[in-house]
Amino acid sequence: MEKIIILDFGSQTTQLIGRRLRDLNEYCEILPYNKFPEQTDEIKGVILSGSPFSVYDPTAFKADLSAIRAKFPVLGICYGAQFMAYTSGGNVEAAGSREYGRANLSYIDSEDPLFKDIHSGSQIWMSHGDSITKIPDNFKKIASTDDVELAAYKIEGEATWGVQFHPEVFHTLDGISLLENFLEICKCKRDWSHASFVESTVADLKKQLGNDKVVLGLSGGVDSSVAAVLLHKAIGKNLTCIFVDHGLLRKNEFENVMRDYEHLGLNVIGVNAKEYFYKMLEGVSDPEKKRKIIGAGFIDVFDQEAHKIENVKWLAQGTIYPDIIESLSITGTTIKSHHNVGGLPDKMKLKLCEPLRLLFKDEVRKVGTELGMMHHLIKRQPFPGPGLAVRILGAITPEKVRVLQEADDIFINGLREWNLYDKVWQAGAILLPVQSVGVMGDERTYENAVALRAVTSTDAMTADWAQLPYEFLAKMSNEIINKVKGVNRVVYDISSKPPATIEWE
């Protein structure tokens, strides 16, 4: 399969470059700046990302690009452009003030293929503290803004370009056109699609797994569900799924999800392990300890069930591409393990199968649609692995779980009834470890407070609080207080990420 390689120098928008190329039906892979693949037959071009470093910083990421520039079309973005200019003999200096935000191209070389059908005045997005102040003799200026003379360049005699702005971000209005022009320069076929992914992945899985048996841990979420349907399409009855109810799912979620999986024709073993997890969590209030207890408990329960199945050789997981990228930290330090169920592959001594490992989250949903999965499964909002354990602040008890499940159920169903569910990235209720005075009827109460949380986002890296209608919030507050025994106060969380996180724990 033909591909574009994106070398990551640490930019926060590197994944966004990849998503834009995928939107243009071109397959791409994101790799650390110093991990260019040895096998190059299918590579059509290379993009160098931005970076938080200055090129003249002694600790900046540096790579030998001489062989790459000689063999492939190359596009350097921001740091990538500065790095090529600097290492070729040009000057890069700290700007008088940080160049950040919207700008407009005041000059464009209309003959250059990178700027085909892009015109002077086009809005771009700058985000850098340095500027290229001088380019080598064999570099040619092809774009400027009023403040940045060398906004883009072309290296003469090479298929190599550099731009000091970010074409991948939404605010660069012709950014998609520029990336499309680069793909045209690379002579890409642009024949990657979600339908072709399904076809090729099913064929690859049949070849990889043969007649072997596979076990997969289901969570009810999008990733594991799509992975299960893909595997089922490839190997049918040789796939066994295990869905563990740790007692911290949403109200009736275990039963509802089991029905959905039955509808999909999956072979699913449902395990009610509520009492086991409640006992393990008794008296534990530290959030990290709660996570570790649930993770270790899940491994034990899953392992016990998996050993009841004869001759299992593979463990399948719903790992997706952002997990892989984060595990390939360019600093040499793993940000987080990309195994969805940490510890399982080692404990069970099974080979690992990750059919979604090359997809972004939005692509997983599109593949699910391609597979004919139900809308509510594909559009299900993210839900933490430890479940309500990280939405109950403090120690967990069955009674607290009941209270939160009831409040959360009213909130989530309300979002659906008001056609707001698909407009927020993630929503849920949080049970606070405080009680407050209230009045119900003629009686004084001293009961729990519940916080409602709803955020908008595209990838969960950043998020803003969802500005839900006041009428909706008022109705949710009234319903929760009137219907959930043990709650007499409801608040709404209006914190953004950063500085807050989406979950409270």
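Anything mentioned here points back to the structure above.
Remember, it's a predicted structure, so these values are computed and weren't measured experimentally.

Draft legend 1. Spatial organisation of the layout of surface pockets. Empty space within the second largest pocket amounts to approximately 480 Å³. In terms of lining residues, the second largest pocket is bounded by 20 residues, among which Phe197, Ser200, Thr201, Asp204 and Leu358 are the most central. Considering every element that reaches the lining of the second largest pocket, the biggest residue donor is helix H5 (residues 194–209), with seven residues. Classifying every residue of the lining of the second largest pocket by side-chain character gives nine nonpolar, four polar and seven charged.

Draft legend 2. Highlighting the pairing of strand S12 (residues 268–272). Both strand S11 (residues 239–245) and S12 contribute to a ladder of five bridges, which runs parallel. Residue pairing in the sheet places aspartate 245 in a bridge with asparagine 272 of S12. With helix H7 (residues 253–263) bridging S11 and the parallel S12, this β-α-β connection has right-handed handedness.

Draft legend 3. Region of the structure containing the packing of aromatic side chains. Applying the stated rule across the entire model yields 17 aromatic pairs. Between phenylalanine 9 and phenylalanine 83 the ring centres are 5.9 Å apart and the planes differ by 40 degrees, which places this aromatic pair in the tilted class. In this pair, phenylalanine 9 sits in the loop between strand S1 (3–8) and helix H1 (14–23) while phenylalanine 83 sits in helix H3 (residues 79–87), placing the two residues 74 residues apart along the sequence. Here phenylalanine 9 and phenylalanine 83 have matching classes, each one buried. By way of ring pairs, the aromatic residues Phe9, Tyr33, Phe53, Phe61, Tyr79 and Phe83 are connected into one cluster. Across the ring face of tryptophan 161, the terminal group of lysine 154 is positioned such that the distance to the ring centre comes to 5.1 Å. In this arrangement the basic side chain of arginine 416 is found over the ring face of tyrosine 421, its NZ or CZ atom lying 4.3 Å from the centre.

Draft legend 4. Main features of empty space enclosed by the protein. Within the structure shown, the criterion is met by three cavities of 30 Å³ or more. Of the voids in this model, the largest cavity is the one considered here, and its volume is about 60 Å³. Residue lining of the largest cavity: Arg391, Gln426, Ala427, Gly428, Ile430, Arg453, Val455, Ile502 and Glu503, and that is the complete set. Of all the secondary structure elements, the ones that give two or more residues to the lining of the largest cavity are strand S15 (426–440) and strand S16 (443–456). Here the lining of the largest cavity takes four residues from S15, the largest share from any one element. By residue class, the composition of the lining of the largest cavity is four nonpolar, two polar and three charged.

Draft legend 5. Representation of the side chain of asparagine 488. Assignment of secondary structure puts asparagine 488 in strand S18 (residues 487–492). Looking at asparagine 488, its side chain comes within polar contact range of the main-chain oxygen of serine 436, at 2.8 Å.

Draft legend 6. Structural context of the packing of H5 against helix H12 (residues 361–370). Contact geometry of H5 with H12 gives a least axis separation of 9 Å together with a crossing angle of 75 degrees. On the basis of their axis angle, the class for H5 and H12 is roughly perpendicular. Residues His194, Ala195, Phe197 and Val198 of H5 touch H12, and the partners they reach there are Glu363, Lys366, Val367 and Glu370. Counted by class, the contact of H5 with H12 contains four nonpolar, one polar and three charged residues.

Draft legend 7. Local environment of the side chain of aspartate 493. Tracing the backbone shows aspartate 493 in the segment after S18. For aspartate 493, a relative accessible area of 9% gives the class buried. Here the side chain of aspartate 493 touches arginine 453 through a polar contact of 3.3 Å, side chain to side chain. Among the polar contacts made by the side chain of aspartate 493, one reaches the side chain of tryptophan 504 at a distance of 2.9 Å. Residues contacting aspartate 493, with those up to four places away along its chain left out, are Leu452, Arg453, Trp465 and Trp504.

Draft legend 8. Layout of the pattern of salt bridges. Summed over the entire model, instances satisfying the criterion amount to 22 salt bridges. The salt bridge partner of aspartate 362 is arginine 19, with a shortest N-O separation of 3.6 Å. Taken together, the positions of aspartate 362 in helix H12 and arginine 19 in helix H1 put the pair 343 residues apart, joining distant regions of the chain. Residue glutamate 354 pairs with arginine 357 through a salt bridge whose shortest N-O separation is 3.5 Å. Owing to a relative accessible area of 10%, glutamate 354 belongs among the buried residues under this scheme.

Draft legend 9. Representation of the sheet that holds S11. Read across the sheet, five strands follow the order S12-S11-S10-S13-S14 without closing on themselves; strand pairing throughout is parallel. Every interior strand has two partners, whereas the edge strands, S12 and strand S14 (351–353), have only one. Across the sheet, the axes of successive neighbouring strands diverge by a mean angle of 30 degrees, strand direction being ignored. Here strand S10 (residues 213–218) runs beside S11; their pairing, made up of five bridges, is parallel. From the neighbouring strand, valine 214 faces S11, where its bridge partner is leucine 239.

Draft legend 10. Quick look at helix H14 (residues 398–417). Taking 1.5 Å as the rise per residue, H14 with 20 residues should run 28 Å; its terminal C-alpha atoms sit 28 Å apart, in good agreement. For H14, the full list of buried residues reads Val401, Val403, Leu404, Gln405, Ala407, Asp408, Ile410, Phe411, Ile412, Gly414 and Leu415. Positive backbone phi, approximately 55 degrees, marks asparagine 419, located one or two places after H14.

Cut-off values and rules
- Residues numbered from 1 in each chain as written.
- Predicted model: local features only at pLDDT ≥ 70, side-chain atom pairs only at ≥ 80, totals over all residues.
- Heavy atoms only, no water.
- 1 Å grid on protein atoms, 1.4 Å probe; cavity = no way out; pocket = protein on both sides within 12 Å on 5 of 7 lines; lining within 4 Å.
- Points joined across faces, edges and corners; volume = space filled by probe spheres on them.
- Helix = DSSP H or I, 4+ residues; strand = E, 2+ residues; numbered from the N terminus.
- Nonpolar A, V, L, I, M, F, W, Y, C, P; charged D, E, K, R; others polar.
- Pairing = 2+ DSSP bridges.
- Right-handed = clockwise from strand over helix to strand, strands pointing away.
- Phe/Tyr/Trp six-rings, centres within 6.5 Å; stacked < 30°, edge-to-face > 60°.
- Buried < 20%, exposed > 50% of the residue type's maximum accessible area, 1.4 Å probe, protein only.
- Lys NZ or Arg CZ within 6 Å of the ring centre and 35° of its normal.
- Polar contact = N/O pair within 3.5 Å; in protein donor to acceptor, adjacent residues only side chain to side chain.
- Axes fitted to C-alpha atoms, helices over the stretch in contact; angles between N-to-C directions.
- Parallel < 35°, antiparallel > 145°, perpendicular 65-115°, else oblique.
- Contact = heavy atoms within 4.5 Å.
- Salt bridge = Lys/Arg side-chain N within 4 Å of Asp/Glu carboxyl O.
- Expected span 1.5 Å × (residues − 1).

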